[in-house]
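# Structure at a glance
Spelled out from the first residue to the last, the chains are:
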Amino acid sequence: MDKNMQQANRNKKKPRIADKILSQKIRQLVPESQAYMDLLAFERKLDATIQRKKLDIQEALKRPMKQKRKLRIFISNTFNPGRQDADGGEETGPWWELRVEGRLLDENAEGSKPKQKFSTFFKSLVIELDKELYGPDNHLVEWHRTAKTNETDGFQVKRAGDQNVKCTVLLMLDYNPLKYKLDHRLARLLGIHTESRPQIINALWQYIKQHKLQDPNEREFVNCDKFLAQIFDMPRLKFAELPARLHSLLMAPDPIVINHTIVVEGPDAAKKAAAYDVEIEIDDPNKAQMNAFMMPSKSQQEIAANEAKIYDTVEQINSLKTSREFYLSFSENPQEFITNWLISQSRDLKTMTDVVGQPEEERRAEFYYNANIQEGVSRYFYNKVNERKDEIEKHLGFKN
C-alpha cells in the first residue's frame, strides 16, 4: 500500500506557475478575475524580492557577524575584621572577599532578551595575589572554560588577612572565531594587531595585491619585498605555503590585564569597588533573526497549503469552462454539434483501436465515385492482369 502511494506521489504532476493563470476567455467572461491576475503579478514580484533577500542573507551568514560593545567589569572587595566572643577571645580572624563581575552597557535596553552571564565572555580567568603574603602555592586563583562549565554572573575569592593586597586580574576573552596575535613585524606591516586567521590572510593578500608582488609569469608565486623577505626569511614563496608560514607568526592573543588593590585598611575598608570598561565583540543580535528567517516556519506551511488550494480551484475553473463550451456549442446548433462530435469520437476510436482505412466513409456508395478510387481500381486490375499473364507465360515456357 505504501509503495503504491509513493508511486502515485511520484507520478503526480508537479504544479507550475502557469497552472495558476486564468485564460483570456475566462477573464472576458468574468471581468472581476482581473483582480486575481493583479494579485498573481504582485506575488511574483514579492517572491522575487524575498528570494533575493534570502540570497543576500545566506552570503551575510557565511561571514562573521560581530558587534562591538562595552563590557563594564566591576571589581569589589569586602572586609570583615573578625569577631570576638563574650570572654574576649577571638572567634574568627580577619578576612576579605574579592568579587569580579560585570555586564554589557545598555543591556537593559535590549528588551526581553535574557541577560548574558559574565563568564560567557571569557575563556579563562586568573587572579594573581601578592606572592609574599600568600606564598607560592596559594597566590593564584584560576578558572578555565571546559565542555561542562556552568556559566556564572561573577567570580569570588576569599582569603584571610588584614593588609592591603595588590592583585592582578588576567581575563582571556573567548573569541569566536578564534583570533591570534600577530608577530610585531607582521602586525606593523599589515596594520592589525589581533585578528582571525581568515582576516589575516585576506589582509596579507591585499598587501601583496597593492604592492604588485604576485609573479606575472608564475601566478602561484609571490615575490617578497624586503619586509616580507625579512618576515618569512625567503625571497619567494607559493600562495599555498602562506597558511603554513603564518603558523609560526601567530600567537595567543594578549589577555586583559587589570591591576587592582584590595583595600582592607582605613575608613573605607568595609567595602571598596572599582569599574573598568573593556571593548569586546559579540554576535550581532540580527544573526539569530536571519537564521530564523531562513528556517521553515508555520506560515510557510500555510502558504504551501493555500497554494495547493489555488491550483485545485484553477483546475476546477478550467474544467467548468470546458463543460460550458461543450453545452454552449450544443445549444447553438445541436445537429452540427452532434455530427462533429460523432466524427471526433470516430477518429478517437480509430486511433485507440488501430483501425486501418476509413470504415465510416467506406460504408457509403458515394465514397467509391471518388476520382482517386477509380484510378486505384484501374491500377489494381492492371496489376492483377499482368501478374496472371506472367504466370501463364512462365507455365507455357515462354519465360524462364
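Read on for a plain summary of the structure. Each chain has its residues counted from 1, running along the sequence as written. The predicted nature of this model means local features are confined to residues of pLDDT at least 70 and side-chain atom pairs, given and counted, to a pLDDT of 80 or more, with totals for whole chains, interfaces and linings taken over all residues. In computing side-chain values, all of the structure's heavy atoms are included and hydrogens and water are not.

## Some words on the overall build of the protein chain
Heads up, the rule is: A run of H or I in DSSP becomes a helix once it reaches four residues, and a run of E becomes a strand once it reaches two; helices and strands are each numbered from the N terminus. Any residue under 20% of the maximum accessible area for its type is buried, any over 50% is exposed, and the rest in between are partly exposed; the area is computed with a 1.4 Å probe on protein chains only. In what follows, a contact means two residues having at least one pair of non-hydrogen atoms within 4.5 Å. For the accessible areas, the method is Shrake-Rupley and the probe is 1.4 Å, while residue cover comes only from the protein chains on display.
On a plain count of helices and strands, the protein chain comes out with 13 helices and 15 strands. Within the protein chain, buried positions represent 24% of all 400 residues. Long-range contacts, defined as pairs at least 24 residues apart, comprise 65% of the intrachain contacts of the protein chain with a sequence gap of at least 6. Of the accessible surface of the protein chain, which amounts to about 29200 Å², a share of 53% is contributed by carbon and sulfur atoms.

## Concerning the environment of Asn291
Relative to the helices and strands, Asn291 resides in helix 9 (residues 285-294). With 234 residues separating them along the chain, Asn291 and Ile57 place their C-alpha atoms 8.6 Å apart.

## Thoughts on unusual backbone geometry
Cis geometry is found at the peptide bond from Asn176 to Pro177, where omega equals 5°. Relative to the helices and strands, Pro177 resides in the loop between strand 8 (165-173) and strand 9 (179-182). The phi dihedral of Lys212 falls on the positive side, at around 55°, and the residue is not glycine. Topologically, Lys212 is positioned in the loop between helix 6 (197-210) and strand 11 (221-223). Within the chain, Asp233 stands out as a residue other than glycine whose phi angle is a positive 60°. Looking at the element boundaries, Asp233 is found in the loop between helix 7 (226-232) and strand 12 (236-238). A relative accessible area of 68% means that Asp233 is categorised as exposed.

## Some points on the sheet that holds strand 13 (residues 250-251)
Applicable threshold: Two strands make a pair as long as DSSP finds a minimum of two bridges between them. Angular values range over 0 to 180 degrees, each being the angle between N-to-C directions of two axes fitted as lines to C-alpha atoms, with helices fitted over their stretch in contact.
In spatial order, the strands read 10-9-13; together these 3 strands make up an open sheet with antiparallel pairing. Only two strands of the sheet have a single partner each, and these edge strands are strand 10 (194-196) and strand 13. Both strand 9 and strand 13 contribute to a ladder of 2 bridges, which runs antiparallel. Across the sheet, the residue bridging to Leu182 is Leu250, located in strand 13. Contacts between helix 6 and the sheet are confined to strand 9, strand 10 and strand 13, with strand 10 contributing the most and set at about 100° to the helix.

## Some points on a nonpolar patch on the surface
Put simply, the rule reads: What makes a patch is a set of residues exposed beyond 30% relative accessible area and free of salt bridges, joined within 9 Å when like-charged and within 5 Å when nonpolar (Val, Leu, Ile, Met, Phe, Trp, Tyr). Just to be clear on terms, a salt bridge is a Lys or Arg side-chain nitrogen sitting within 4 Å of an Asp or Glu carboxyl oxygen.
Taken together, the side chains of Phe326, Tyr327, Phe330, Ile338, Trp341 and Leu342 make up a nonpolar region of the molecular surface, amounting to roughly 600 Å² of accessible area. Elements with a contribution of two residues or more to the nonpolar patch: helix 10 (298-332) and helix 11 (334-353).

## Describing the pattern of salt bridges
A complete count under the given rule lists 16 salt bridges for this structure. As a salt-bridge pair, Asp153 and Lys117 come within 3.7 Å of each other at their nearest N and O atoms. Here Asp153, found in the loop between strand 6 (140-144) and strand 7 (154-160), pairs with Lys117, found in the loop between strand 4 (95-104) and strand 5 (122-128); they are 36 residues apart in sequence, far enough to count as distant. Taking the relative accessible area as the measure of exposure, Asp153 reaches 38% and is therefore partly exposed. Of the charged contacts, one joins Asp254 and Lys181 as a salt bridge, the two residues approaching to 3.3 Å between their closest N and O atoms.

As far as function goes, none of this settles anything; it's purely spatial.
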